[in-house]
Amino acid sequence: MTGTQPNSRSAVPLDELDRRILAALQQDNRLSFAELAERVASSAASCMRRVKRLRDAGVIIADVSILDPVAVGKSLTAVISIDLEAEQRDLVDAFKRQMRAAPEVTQCYMVTGGADFVVIVNVEDIDAYEAFTRKWLYSNPNIRKFRSMIMLDRVKFEPRVAV
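Residues numbered from 1 in each chain as written. Predicted model: local features only at pLDDT ≥ 70, side-chain atom pairs only at ≥ 80, totals over all residues. Heavy atoms only, no water.

Caption draft 1: A look at the overall build of the protein. Assigned secondary structure in the protein consists of five helices and four strands. Its helices and strands taken in sequence order, the protein reads α-α-α-β-α-β-β-α-β from the N to the C terminus. Whereas a compact globule of 163 residues would reach a radius of gyration of roughly 15 Å, the protein reaches 19 Å, over 25% beyond that. Projecting the C-alpha coordinates of the protein onto the three principal axes gives extents of approximately 55 × 35 × 25 Å. Sorting the 163 residues of the protein into buried and exposed places 30% on the buried side. Of the contacts formed within the protein by residues at least 6 apart in sequence, a portion of 66% connects residues at least 24 apart. Taken as a whole, the protein presents about 11,000 Å² of accessible surface, with 53% of it coming from carbon and sulfur. Separation between the mean location of the 23 positive side-chain charges and that of the 22 negative ones in the protein comes to 6 Å. (Helix = DSSP H or I, 4+ residues; strand = E, 2+ residues; numbered from the N terminus. Rg over C-alpha atoms; globule rule 2.2 N^0.38 Å. Buried < 20%, exposed > 50% of the residue type's maximum accessible area, 1.4 Å probe, protein only. Contact = heavy atoms within 4.5 Å. Areas by Shrake-Rupley, 256 points an atom, 1.4 Å probe, with all protein chains shown as cover. Lys, Arg positive; Asp, Glu negative; His and termini not counted. Charge placed at Lys NZ, Arg CZ, Asp CG, Glu CD.)

Structure (structure tokens):
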């Protein structure tokens with residue numbers, strides 16, 4: 001999912017069975033087709049065809065394992081709002097490339113409102129966070145300012161889309 005961007009295609013028509021399949025896979029994508037069929041009240045063959053169609057259509061974009069950042073030594077999560085100095089296309093594209101290249105960045109959103117971008121960063125500790133800001137933010141002359149919010153408690157985390 002690295003560098004995943006919203007596509008410009010239109011929404012894929014989904015029926016109720018597609019929605020049940022997608023909901024089940026978002027909870028556990030390691031289900032066998034027989035287990036999936038049982039959960040969604042269909043046949044394994046039908047589920048297999050539909051999952052293939054949903055992957056081919058770009059509805060399912062990846063099958064991933066979601067890691068606990070603390071368990072892999074990344075105990076500090078920061079949410080950063082970033083204001084750019086200039087919003088020229090080439091400068092914005094350069095910033096996007098930088099964020100895609102930064103291994104500490106797990107999510108990056110171009111947004112409306114009070115900031116130009118919101119970035120989520122996972123690092124080991126405050127020293128690693130400071131090193132990230134020096135390398136990727138302070139060194140970028142097109143960043144006017146950034147504001148950091150350090151996560152204290154993860155209240156809800158559901159990497160899914162309601163279907």
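There is more to say after this.
Caption draft 2: Layout of the environment of Ile-143. Take Ile-143: it is sitting in strand E4 (residues 143–150). We classify Ile-143 as buried; its relative accessible area is 11%. Along the sequence, Ile-143 and Asp-116 sit 27 residues apart, while their C-alpha atoms lie 9.9 Å from each other. When near neighbours in sequence (up to four residues on either side) are disregarded, Ile-143 contacts Ile-82, Asp-83, Leu-84, Glu-85, Phe-95, Trp-136 and Leu-137.

Caption draft 3: Quick look at the nonpolar core. One finds Ile-80, Ile-82, Val-121, Tyr-129, Phe-132 and Leu-137 to be the most contacted residues of the largest nonpolar core, which totals 21 residues. Looking at this core, the elements that each hand over two or more residues are strand E1 (76–84), helix H4 (89–101), strand E3 (117–123), helix H5 (126–138) and E4. In terms of nonpolar packing, the next biggest core, distinct from the first, is built from 13 residues, Leu-22, Ala-24, Leu-25 and Val-51 among them. (Core = buried A, V, L, I, M, F, W, Y, C linked by side-chain atoms within 4.5 Å.)

Caption draft 4: Region of interest: the sheet that holds E3. Ordered by their spatial adjacency, four strands build an open sheet running E2-E3-E1-E4, and the pairing between neighbours is antiparallel. Of all the strands in the sheet, just strand E2 (105–110) and E4 have a single pairing partner and so form its edges. Averaged over all adjacent pairs, the angle separating strand axes in this sheet is 20°, with direction ignored. Looking at chain direction, E1 and E3 are connected through seven bridges and run antiparallel. Across the sheet, residue Ser-81 finds its bridge partner in E3, namely Val-118. (Pairing = 2+ DSSP bridges. Axes fitted to C-alpha atoms, helices over the stretch in contact; angles between N-to-C directions.)

Caption draft 5: Just the packing of aromatic side chains, in detail. Going through the model one piece at a time under the given rule, you end up with three aromatic pairs. Consider the rings of Phe-95 and Phe-117, whose centres lie 4.6 Å apart with planes at 55°: the pair is tilted. With Phe-95 in helix H4 and Phe-117 in strand E3, the pair connects residues that are 22 residues apart, well separated along the chain. Phe-95 sits in the buried class, given a relative accessible area of 1%. Judged by relative accessible area, which is 1%, Phe-117 ranks as buried. Taking the ring centre of Phe-157 as reference, the NZ or CZ of Arg-154 above it sits at 4.4 Å. (Phe/Tyr/Trp six-rings, centres within 6.5 Å; stacked < 30°, edge-to-face > 60°. Lys NZ or Arg CZ within 6 Å of the ring centre and 35° of its normal.)

Caption draft 6: Just the packing of helix H2 (residues 33–40) against helix H3 (residues 44–56), in detail. In contact at an axis separation of 8 Å, H2 and H3 are set at 100° when each is read in the N-to-C sense. The angle between the axes of H2 and H3 places the two elements in the roughly perpendicular class. Between H2, through Phe-33, Ala-34, Leu-36, Ala-37 and Val-40, and H3, the contact on the second element is made entirely by Ala-44, Cys-47, Met-48 and Val-51. Taken together, the residues of the contact of H2 with H3 sort by class into nine nonpolar, no polar and no charged. (Parallel < 35°, antiparallel > 145°, perpendicular 65-115°, else oblique. Nonpolar A, V, L, I, M, F, W, Y, C, P; charged D, E, K, R; others polar.)

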